[in-house]
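# A look at the structure
Read off the chains here:
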Amino acid sequence: MPELPEVETVRAGLAPVLTGRRIDAVRVLHPRPVRRHVAGPDAFASALVGRTFAAPRRRGKYLWLPLTDGDAVLAHLGMSGQFRVDAPDAPLQRHARVLVDLGDGVQLRFVDQRMFGGLSISTGGAELPPEIAHIARDLFDPELDMDALVESAASRRSPLKRVLLDQTIVSGIGNIYADEALWRAREHGETPANDLTPDAVRRVLHAARDVMANALVQGGTSFDALYVNVNGESGYFDRSLAVYGRAGQPCHRCGTPISRVPFANRSSHFCPQCQRKPRTRRNPSR
DNA sequence: CTGTGGTCCTGTATGC
DNA sequence: TGCATACAGGACCACA
C-alpha cells in the first residue's frame, strides 16, 4: 500500500486540481469504498453535490479533502487505492469505484482494486477529522514533538518494527519504509523497543524520516501499476531500496545476502550481518 | 492498559 | 494449460 511518501505525492497532485472546485456530480460505482457512510452510497453521492473543495491535507497515510463549509471527505488509499484526475470521457479504469465531476472537463476518480481503503464524509473534519484523532502526527509534521515521541517509543516492550508501524505512536511508516529505516539504522526489527537507548530510537526515527524524504523527491515507490500519482505515473524510489524486495541479494554495506522472514502476515527484510538482534540488553537501566 | 493474531478484498506470480 | 497456493505497500477489532 502507499505509505507516507506516496500519499503525500497524491496530496500534492490533488492540491492544484481540487482547491476551489465545486462538485457537480458524484457517482458511486461500487458500494464498498463508501461503506463507512452509513446512510449508503446514494446518500454519500447526493450529500456532496454543490459543495466546494478547499486545499487537501494529510496526516500519516490519511488524506482528507476539506470542504469550504467545514466538513471534509476523508480518504484512505488502503493497499491499492488511487486518486486519478481525468477527463470525464476518458476510458474508465478497471477498478474505478467513485467518480466526482468537478466541471471544466475535470473528473476526480477513486480507483481501488482491493478496496481496503475508502472515502467517507467527516462532519466538521476540515481542520482534522475526528475519525483520525487517534492517528499520531507523522515525522514531517511541524508540530511533532520529537522528544515525546522518542520517550514514548523507547518505553514500549513491543518489537521495534511493530512500534514503527503503530500509527498511534508515529504515523506514515509502512512495511517498506520500516524495513529500510531499520537497515539504515543497523537495528533488528525484532529487538524490543525498550532494549534500545532513547538515542538509538531517535536514530531509527531519523532514518525513517530520511528514507521517506528521499522517496518523496522521487515521487514515491512503486513495484507495479498499483501505486501511481494522480496522472497515473509511477515513482522511481524502488530503484533505491536497500532491503525491501531484495531477499537473497547482497547487502549494499557488507555483501551478506538479505534475509526475508515472515512478520505479521507479510514479510520483513533485513541484513543478518548488519542488523543483529542483541542477545543482551543494551539499555539495562530499564 | 498493552500486545498479538485474524480478517476485510482482488489480482498476480509461482509451482506442481 | 489448469489448478492450487502464497503473497501483496494497511487498519481495525476481538481477545489474552
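Residues numbered from 1 in each chain as written. Chains lettered and ligands numbered in written order. Predicted model: local features only at pLDDT ≥ 70, side-chain atom pairs only at ≥ 80, totals over all residues. Heavy atoms only, no water.

### What about the nonpolar core?
Ranked by internal contacts, the top residues of the largest apolar core, which has 35 residues, are L139, L149, I173, Y177 and L205. Of all elements in the fold, only helix 3 (146-153), helix 4 (160-165), helix 5 (175-185) and helix 6 (198-217) reach the threshold of two or more residues within this core. By residue number, the principal contributor to this core is helix 6, which donates nine residues. Residue contacts for L205: discarding those within four places in its chain leaves L139, M146, L149, V150, L164 and V170. Within the second largest apolar cluster, 30 residues are counted, among which are L14, V17, F53 and L67. (Core = buried A, V, L, I, M, F, W, Y, C linked by side-chain atoms within 4.5 Å. Buried < 20%, exposed > 50% of the residue type's maximum accessible area, 1.4 Å probe, protein only. Helix = DSSP H or I, 4+ residues; strand = E, 2+ residues; numbered from the N terminus. Contact = heavy atoms within 4.5 Å.)

### Considering the layout of surface pockets
Quantified by volume, the second largest pocket comes out at close to 310 Å³. Lining of the second largest pocket is provided by 15 residues; of these, R57, R58, W64, R137 and D141 occupy positions nearest its centre. Contributions of two or more residues to the lining of the second largest pocket are made by helix 1 (4-18) and strand 2 (57-59). The leading source of residues in the lining of the second largest pocket is strand 2, at three residues. Taken together, the residues of the lining of the second largest pocket break down into five nonpolar, no polar and ten charged. (1 Å grid on protein atoms, 1.4 Å probe; cavity = no way out; pocket = protein on both sides within 12 Å on 5 of 7 lines; lining within 4 Å. Points joined across faces, edges and corners; volume = space filled by probe spheres on them. Nonpolar A, V, L, I, M, F, W, Y, C, P; charged D, E, K, R; others polar.)

### Digging into the protein's contact with DNA strand B
The full set close to DNA strand B counts 13 residues, and H95, R114, F116, R157 and N265 are the nearest of them. For DNA strand B, the fraction of atoms within 4 Å of the protein that belong to sugar or phosphate moieties is 60%. At a separation of 2.9 Å, a phosphate oxygen of DNA strand B approaches a polar backbone atom of R157. With respect to DNA strand B, the side chain of S158 contributes an N or O atom lying 3.4 Å from a sugar or linking oxygen. Considered class by class, the residues forming the surface near DNA strand B number three nonpolar, four polar and six charged. (Near = heavy atom within 4 Å. Polar contact = N/O pair within 3.5 Å; in protein donor to acceptor, adjacent residues only side chain to side chain.)

### Remarks on the domain arrangement of chain A
Many analyses report the size of an interface as the accessible area lost when the parts associate. We note that the domain assignment places domain 1 (4-132) and domain 2 (146-270) within chain A. For domain 1 and domain 2, the distance between their C-alpha centroids amounts to 28 Å. Facing the 17 residues of domain 1 at the interface are 20 residues of domain 2. Summing the contributions of domain 1 and of domain 2, the shared interface buries around 1,500 Å²; its carbon and sulfur component is 63%. Connecting domain 1 to domain 2 are zero salt bridges. Where domain 1 packs against domain 2, one counts five residue pairs in polar contact (both at pLDDT 80 or more). At the level of secondary structure, the elements contributing two or more residues to the side of domain 1 that touches domain 2 comprise helix 1 and strand 5 (81-86). A per-element tally of the side of domain 1 that touches domain 2 places helix 1 first, with eight residues. Its residues placed into classes, the side of domain 1 that touches domain 2 shows six nonpolar, six polar and five charged. (Domains from an automatic or database assignment. Buried area = accessible area lost by both parts, 1.4 Å probe. Salt bridge = Lys/Arg side-chain N within 4 Å of Asp/Glu carboxyl O.)

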